[in-house]
Amino acid sequence: MLGITPLNAYPAGRCGTIVSIEAHGHLADRMHALGLTPGRFIRVMRRSPWRGPIHIRAGQTDLILRREEAALVRVTPFLPTHAPGQK
Amino acid sequence: MARQRVALVGMPNTGKSTLFNQLTGSSARIGNWPGLTVELMSARLLLGDAMVELVDLPGLHNLHGFSEDERVARHFLETQPVNALLVVINAAQMDRQLAFALQMRALGVPILLVLNMADEAGKRGIQIDVDILTARLGMPVCLLSAKYGKGVPELRHALAGLLARHPEGRQAPPYILAEDDSIEKDVDALIEQTLHIPPELAPSHTDRLDRLLLHPWLGLPLFFLFMLTMFQLVYGLGKPLQDGLAWLLEAGKTQALAPLVTNFLPFGKSFILDGLYDGIGTVLSFMPLIVLFFMAMAVVEDSGYLSRAAYLMDALMARMGLDGRAFVMQLMGFGCNVPAIMGTRIIRSRPQRILAMMTIPFSLCSARLQVFMFFIGAVFSARAAPWVLFSLYLMSFAISFLTAWLWGNKARRDPDPLIMELPPYRLPTLRYLFRQALRESGHFVRSAGGFIVLGAAMVWLLTHMPSGIPPASPQTWAGRMASFMSPVFDPLGIDRLLSIALLFGFVAKEVVIGSLAVIYGAGPTELPGMVARSLDWVQAYSFMLFTLIYTPCLSTLATLRQETGGMRVVLISIGWSLAAAWAISFAFYQGARLLGY
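Procedures and definitions
- Residues numbered from 1 in each chain as written.
- Chains lettered and ligands numbered in written order.
- Predicted model: local features only at pLDDT ≥ 70, side-chain atom pairs only at ≥ 80, totals over all residues.
- Heavy atoms only, no water.
- Helix = DSSP H or I, 4+ residues; strand = E, 2+ residues; numbered from the N terminus.
- Rg over C-alpha atoms; globule rule 2.2 N^0.38 Å.
- Buried < 20%, exposed > 50% of the residue type's maximum accessible area, 1.4 Å probe, protein only.
- Contact = heavy atoms within 4.5 Å.
- Areas by Shrake-Rupley, 256 points an atom, 1.4 Å probe, with all protein chains shown as cover.
- Polar contact = N/O pair within 3.5 Å; in protein donor to acceptor, adjacent residues only side chain to side chain.
- Buried area = accessible area lost by both parts, 1.4 Å probe.
- Salt bridge = Lys/Arg side-chain N within 4 Å of Asp/Glu carboxyl O.
- Pairing = 2+ DSSP bridges.
- Axes fitted to C-alpha atoms, helices over the stretch in contact; angles between N-to-C directions.
- Phe/Tyr/Trp six-rings, centres within 6.5 Å; stacked < 30°, edge-to-face > 60°.
- Lys NZ or Arg CZ within 6 Å of the ring centre and 35° of its normal.
- pLDDT = per-residue confidence, 0-100.
- Patch = residues over 30% accessible without salt bridge, like charges linked within 9 Å, V, L, I, M, F, W, Y side chains within 5 Å.
- Lys, Arg positive; Asp, Glu negative; His and termini not counted.
- Charge placed at Lys NZ, Arg CZ, Asp CG, Glu CD.
- Disulfide = S-S within 2.5 Å.

1. Digging into the overall build of chain B
For step 1, the next point in the chain: Helix and strand content of chain B: 26 helices and 9 strands.
For step 2, the next point in the chain: Here chain B has a C-alpha radius of gyration of 27 Å; the compact-globule value for 597 residues is 25 Å, and the two agree.
For step 3, the next point in the chain: Counting only C-alpha atoms and orienting by the principal axes, one finds that chain B spans roughly 85 × 55 × 45 Å.
For step 4, the next point in the chain: Relative to its 597 residues, chain B shows a buried fraction of 58%.
For step 5, the next point in the chain: Sequence-distant contacts, at least 24 apart, represent 77% of the contacts inside chain B between residues at least 6 apart.

2. Quick word on the overall build of chain A
For step 1, the next point in the chain: A count of helices and strands for chain A gives 2 helices and 6 strands.
For step 2, the next point in the chain: When the helices and strands of chain A are placed in sequence order, the string is β-β-α-β-β-β-α-β.
For step 3, the next point in the chain: In chain A, buried positions account for 48% of the 87 residues.
For step 4, the next point in the chain: Taking all contacts inside chain A whose residues are at least 6 apart in sequence as the whole, residues at least 24 apart take part in 63%.
For step 5, the next point in the chain: Total accessible area computed for chain A in this model is approximately 3,800 Å², and 59% of it derives from carbon and sulfur atoms.

3. As for the side chain of B:E120
All names here are of chain B.
For step 1, the next point in the chain: Tracing the backbone shows E120 in helix α4 (residues 118–123).
For step 2, the next point in the chain: The buried category is assigned to E120, whose relative accessible area is 14%.
For step 3, the next point in the chain: Separated by 2.6 Å, the side chains of E120 and R426 make a polar contact.
For step 4, the next point in the chain: Dropping the residues within four chain positions of it, E120 is found in contact with A92, P424 and R426.

4. Overview of the environment of B:I132
For step 1, the next point in the chain: You can see B:I132 is positioned in helix α5 (residues 130–137).
For step 2, the next point in the chain: The contact partners of B:I132, leaving out residues within four places of it in the chain, are B:Q193 and B:T194.

5. Details of helix α13 (residues 324–332) of chain B
For step 1, the next point in the chain: In terms of residue burial, α13(B) counts as a mostly covered element, since 9 of its 9 residues are buried.
For step 2, the next point in the chain: Among the residues making up α13(B), those that are buried are B:G324, B:R325, B:A326, B:F327, B:V328, B:M329, B:Q330, B:L331 and B:M332.

6. Some words on the environment of B:K16
Residues and elements named next belong to chain B.
For step 1, the next point in the chain: Relative to the helices and strands, K16 is located in helix α1 (residues 16–24).
For step 2, the next point in the chain: Overall, K16 belongs to the buried group, its relative accessible area being 5%.
For step 3, the next point in the chain: Taking C-alpha positions, K16 is 45 Å from S585, a pair spaced 569 residues apart along the chain.
For step 4, the next point in the chain: Once you skip the residues sitting within four places of it in the chain, K16 turns out to touch L8, V9, G10, D56, L57, P58, G59 and V88.
For step 5, the next point in the chain: At 2.3 Å, the side chain of K16 forms a polar contact with the backbone oxygen of L57.

7. As for the interface of chain A and chain B
For step 1, the next point in the chain: Between chain A and chain B, the residue contacts involve 38 residues of the former and 43 residues of the latter.
For step 2, the next point in the chain: Buried surface at the junction of chain A and chain B, both sides included, amounts to about 3,500 Å², of which 54% is carbon and sulfur.
For step 3, the next point in the chain: Summed over the three residues of chain A that lose the most area to chain B, namely A:Q60, A:I64 and A:R66, the buried surface amounts to 24% of that side.
For step 4, the next point in the chain: Among the ionic pairs, A:R40 bridges to B:D95, the shortest N-O distance being 3.4 Å.
For step 5, the next point in the chain: Where chain A touches chain B, the interface holds 14 residue pairs in polar contact (both at pLDDT 80 or more).
For step 6, the next point in the chain: Secondary structure elements with two or more residues in the side of chain A that touches chain B: α1 (25–33), β3 (41–47), β4 (54–58) and β5 (61–65) of chain A.
For step 7, the next point in the chain: Looking at which element gives the most residues to the side of chain A that touches chain B, the answer is α1(A), with 7 residues.

8. Regarding the pattern of salt bridges
All names here are of chain B.
For step 1, the next point in the chain: Applying the stated criterion to the full structure yields 14 salt bridges over all chains.
For step 2, the next point in the chain: Between D323 and R325 there is a salt bridge, with its nearest N and O atoms 2.6 Å apart.
For step 3, the next point in the chain: Residue class for D323 comes out buried when judged on its relative accessible area of 0%.

9. Considering the sheet that holds strand β7 (residues 141–143) of chain B
Residue and element names in this part refer to chain B.
For step 1, the next point in the chain: Overall, mixed pairing links the 6 strands, which are arranged β2-β3-β1-β4-β5-β7 in an open sheet. At either margin of the open sheet sits one strand with a lone partner, and together these are β2 (41–47) and β7. Between one strand and the next, the sheet's axes are offset by a mean angle of 25 degrees, whatever the strand orientation.
For step 2, the next point in the chain: Pairing geometry for β2 and strand β3 (residues 50–56), over 7 bridges, is antiparallel. Residue pairing in the sheet places S42 in a bridge with V55 of β3.
For step 3, the next point in the chain: Contacting β1 (4–10), β2, β3, β4 (84–90), β5 (111–116) and β7, helix α6 (residues 152–165) crosses the sheet at an angle of about 85 degrees to β2.

10. Quick look at the packing of aromatic side chains
For step 1, the next point in the chain: As enumerated under the stated definition, the model contains 21 aromatic pairs over all chains in all.
For step 2, the next point in the chain: Pairing B:F334 with B:Y393 gives two aromatic rings, centres 4.9 Å apart and planes at 70 degrees, and the pair type is edge-to-face. Separated by 59 residues along the polypeptide, B:F334 in the loop between α13 and α14 (337–343) and B:Y393 in helix α17 (residues 385–407) bring together distant segments of the chain.
For step 3, the next point in the chain: For B:Y393, a relative accessible area of 2% gives the class buried.
For step 4, the next point in the chain: Pairing B:W407 with B:W576 gives two aromatic rings, centres 6.3 Å apart and planes at 65 degrees, and the pair type is edge-to-face. Remark: B:W576 occurs in helix α26 (residues 568–594) and B:W407 occurs in helix α17; sequence separation between them is 169 residues.
For step 5, the next point in the chain: Each member of the aromatic cluster is reached from another via a ring pair, and the members are B:F223, B:F224, B:F226, B:Y305, B:F327, B:F334, B:Y393, B:F397 and B:F401.
For step 6, the next point in the chain: Above the plane of the ring of A:Y10 lies A:R14, whose end atom (NZ or CZ) is 5.2 Å from the centre.
For step 7, the next point in the chain: Seen from the ring of B:Y425, B:R308 lies directly overhead, with NZ or CZ sitting 4.1 Å from the centre.

11. As for the pairing of β3(A)
All names here are of chain A.
For step 1, the next point in the chain: For strand β2 (residues 15–21) and β3, the ladder comprises 3 bridges, and the chain directions are antiparallel. When the sheet's bridge partners are listed, G16 is paired in β3 with I42.
For step 2, the next point in the chain: The antiparallel pairing of β3 with β4 creates a hairpin that spans 6 residues between the two strands, and W50 there sits at a positive phi of about 55 degrees.

12. Focus: the confidence of the model for chain A
For step 1, the next point in the chain: Averaged over every residue, the pLDDT of chain A is 82; the share at 70 or more is 86%.
For step 2, the next point in the chain: This model gives residues 80–87 of chain A a pLDDT under 50, and the stretch forms 16 contacts once residues within four places in sequence are excluded.

13. With respect to a positive patch on the surface
Residue and element names in this part refer to chain B.
For step 1, the next point in the chain: A cluster of basic side chains, namely R350, K410, R413 and R568, defines a positive patch on the protein surface.
For step 2, the next point in the chain: Here R568 lies in helix α26.
For step 3, the next point in the chain: Since its relative accessible area comes to 64%, R568 is described here as exposed.

14. Observations regarding the sheet that holds strand β9 (residues 419–421) of chain B
Adjacent strands of a sheet pair through backbone hydrogen bonds, lying either parallel or antiparallel.
For step 1, the next point in the chain: Taken together, the 7 strands give an open sheet; going across it, the order is β1(A)-β6(A)-β2(A)-β3(A)-β4(A)-β5(A)-β9(B), and neighbouring strands pair in antiparallel fashion. Of all the strands in the sheet, just β1 (5–6) of chain A together with β9 of chain B have a single pairing partner and so form its edges.
For step 2, the next point in the chain: For β2(A) and strand β6 (residues 73–76) of chain A, the ladder comprises 4 bridges, and the chain directions are antiparallel. Paired with A:T17 across the bridge in β6(A) is A:T76.

15. Here we look at the state of the cysteines
For step 1, the next point in the chain: Considering all chains together, one arrives at 0 disulfides over all chains under this definition.
For step 2, the next point in the chain: Free of any disulfide, B:C336 has its nearest cysteine sulfur in B:C365, 6.4 Å distant.

Here it is as structure tokens:
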């Protein structure tokens, strides 16, 4: 599908919907538990300088994650057409 | 009948420990930071006429989680029978955390679901239909705010009812991964029926504060400004209190204790007055300062600012092989190094965790703070004092970073993923602050008390034996030990009497000031003057640098050993810190003298 980008490429202020999570094992579990699931609408709040972590908002939860981890989250700029959390 | 047992489970940052304290009246450590409940806390709870044991499990993200904390919680559930689980979720984040409750349901143990932080959910305009949720989940649900105690009586009532229906304990089966997909669908359906979230939230206080405190360029300077202000405040309020208490203790000595022992032999009199009383009294006079300091730490821990500090510092820390969480643990180490070392359990990569554990002993803990407060108060002007203290905190960071940079090769090759929650800013309740202050001072008296009494007695003996010669003179046992060590300490400007105090500081830093009082034969009011007459500011600062760096206390070393499972890291830590302390004090002292100070 066109327009799918890794989350680390998103500038501050941009919103998107998670398409897929490329993480595996423990990291995938942790991301899932923290609310990073396909279909979830997220917003990049800010990016810290010197390649530091990214601050995002997923639903009612604010998270920080490093750019390496953010690169595993694939997002599309389209608004969600289905309920959050649905595959 | 066997006692019934209830376990408290929930994700980090759901106010689980707050609820535990509300229910049991005890004071588990609460922090707006994952991993603060490092040991299993349990307490008895009277429900109706039944005594129930309530166990607070560490926060876990899910049952197949990977951190040390999650392992502990899972192990408990698999091996210990419980009558019910209190599953705590954050009502303001129900959209994400409801799935956790459903995972727990798969364990087959009766569950009471607690939706905590009802106050925060309300502020965000989130509405929850508890009745439908109760019916759909088939488990009792309580909406409450543990922080303000709202809804807690209703919870007790509901828990008593649940336990009456399930009198027998049950053990969770070794966990089979729940069908996450099916849970996912259930959650979506449930959320749609029971949760109303306003579509676009107005910017909250947290958003506005974050815009300033997480600002790309202002964030870090503001952070250090806050820390400086905090230390200034603690110093400014604590110093007069300490002086007052020192005066009171001195008055107690001359007015009450001295008349009592006039008939004792001179030897025993000196032991009680100049040994035990002066030694212990001088340390005790720092109690108000410690209490204030821990209250300030409690505000910081509870505020949510620590997670922001992790965000601000991560880029810098990553270059040294550490991460933002290790920085936060260094801040926690300002209170005491021991819980900070245990707190590194949230770091999963072993090389990174060991590196973090090696840097924490350089955190300027509250025991070292006493030593510095004493020397700064004695030798420096009131205007210079807070800046001198701040310079020591900067030094503490600098030496931690140097340690990470030197020993971090392995850790830099094995980075740990960093993904964590930023909780909203919160203020602790006054009740909690006072409770925390009480708890910490109690902890201080219990853990350091024995060392201090023993240390004071030992130092008195060393400085007064053999009898018949002036105390602490070169012919006493202490004097001879000091002469033996003098080739090491003379180049640092640390005189013989001070080097004896350092020897005892190896056990616990609290003992340093107590032993100085005994060595100089002076109580808390005269001691600063005597110290000021015997050394100048360069010597005092060199001594403080050495005290900051030279070796972690015994409890810290024991914790290091326990957490790393061997002596290797402990020995490296002792060797490296001694070498670094000597080199840095040497460079400072000789440099300052060369410059003509």
